[in-house]
Amino acid sequence: MLRHFFLSLAAFALGAAGTTHSIVRWSDAARQDVEAGYRLFRENHPGWYDRSNPAFRTQLERARKLGLDAASLAHDERGYEDALGAFTTIVSDGHARLVGTDQDASAVTRWPGFIAAWRGQRLLIEEAVPTSPVPVGAEVVQCDEKPIRQFITSRLESRGMRPSEAGQWWSKSPRALIDSSDASGSPPSHCTFRTGSRTTRLKLNWSPAPSDLADKLKKASDGERTEIGLHEPRPGLFLIGLPNFDPDEVGRAAYRHLFTELRNNRARLQQAKAVVIDLRYNDGGSDEWGLQTAKALWGADAVEAERADAQKRVQIWWRASPGNTAYVEQLSSRLGRERQSSADQITRVTALMRTALHSRNPFAIEPSDTPVKTGHAAPDFSAPVYVITPGRCASACLDAVDTFKLFRNTHLIGAPTSADSQYIEIRTEPLPSGHGLAIIPTKMWVNRPRKGGEVYNPDVEATQLDWSTKAFLDLIQAQLTAAGELRTPIKRRRWS
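Basis of the calculations
Residues numbered from 1 in each chain as written. Predicted model: local features only at pLDDT ≥ 70, side-chain atom pairs only at ≥ 80, totals over all residues. Heavy atoms only, no water. Disulfide = S-S within 2.5 Å. Helix = DSSP H or I, 4+ residues; strand = E, 2+ residues; numbered from the N terminus. Buried < 20%, exposed > 50% of the residue type's maximum accessible area, 1.4 Å probe, protein only. Contact = heavy atoms within 4.5 Å.

> Looking at this model, I keep getting lost on the state of the cysteines. Mind explaining?
Here a disulfide denotes a covalent bond joining the sulfur atom of one cysteine to the sulfur atom of another. Evaluated as defined, the whole model comprises two disulfides. Paired by a disulfide, C143 and C191 hold their sulfur atoms 2.0 Å apart. Between C143 and C191 the disulfide shows an S-S torsion of about 105°. By sign, it is right-handed. Placement of the pair is C143 in strand β7 (residues 139-143) and C191 in strand β9 (residues 190-195), with a sequence separation of 48 residues. Across the pair, C191 and C143 agree in class, each one buried. The disulfide that involves C393 links it to C397, with 2.0 Å between the sulfurs. One disulfide, between C393 and C397, carries an S-S torsion of -105° and so falls in the left-handed class. Overall, the relative accessible area of 0% leaves C397 in the buried class.

> Got a minute to help me understand the environment of S180 in this structure?
Mapped onto the elements, S180 comes out in the loop between α6 (166-172) and β9. The exposure class of S180 is buried, given its relative accessible area of 10%. When the C-alpha positions of S180 and T109 are compared, they lie 5.0 Å apart, and in sequence the two are 71 residues distant. Ignoring anything within four residues of it in the chain, the contact list for S180 reads R78 and T109.

The structure is reproduced here in structure tokens:
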């Protein structure tokens, strides 16, 4: 069954970034692009004809209205971003967005001298310069007299944050206290901090952000990054790094080496105290990398048997519009020789879409290639498996968790994930003004076991500030010890 093939949304947006024009009528540009976005979604988005989602058309109309309302107030680039963000907020789907692509070279990103991180239900200071009056570990209680959850929502909701998804608080909150186009409106002038029993209201001192700000923000939400590969940081504890499902050629080579290492060391892995699959920094891409990892651990037959059982009612429906069909026609050449079987499958899908277009059917239904489960292929891999989940985990990252969780020896540790809708496989279209991009899903799941908007909650929620690999290994060893002493299954709990 054909699923996720290409880039994360971040990669699409960055790859399309342009430059700011010297004179722009931002209100006109916003109005033009919101109208174009509405038209592109109506003509290409599967939701327009999705009978299981009858509210979609009303939702899209409301997105257009609120986007146009915001466009009428746009006087600068940030106002333009607000209009696209208002549209996107109502659609509320990471696979369906309008985004600005300009990068203003004259704009200065500022920070208050510290970076905050979301842990559990609190925003904590994760890093601070030596001169910061706010110590690491302090809790940010409110900013500009708004309780912190309300403040974060107002700053980030029109920049793509989906507050109803628990993982979004973990992955997006650090940006709320940064002054850049990633946040709406003006930065806060004062915030209130709690350290122990002491509460202090302080004026924020804004200064140009360091050049490695992007890395600091990711570190705040995801902690330490494990590179692609198999590692043994402690005797009997194996660590599998899966930080990126959208690898470049170097990354693809690393994955090939990883799969060889997993096969060559399978006997050792079967006897491991635990195998830790690290998804920190992973926000999706192609689902093949997670699937191949699962097959290397549990065995290809066992994985296919479990997937066949879980997905026996699943279908993929492609929205057969002219634009989507043209996109699919280009896929096979982009997939390359290494993925020839996928390219061949795309060719078959293209023919189905052409037939649907000719017949004026809104969907081309892809035949399932998931084998029917004819017998029990029990896995011979029973070592405890811990999957570290970041809040940013979405798209193909969630597909990987779907597969890992088919097996009873799998436990999630870390943060709640983000969520997907049933609409997937994105393509992009430039917006008329030249300042933005429409990100459009081209197909949809039907009868997927994981519902649209559903997140994974970890079995062990890691709410401690330290998200280093050492901290996770300590937590996992504590879980193994507790499970061994009590001789009971691992229970859901929270660590802080």
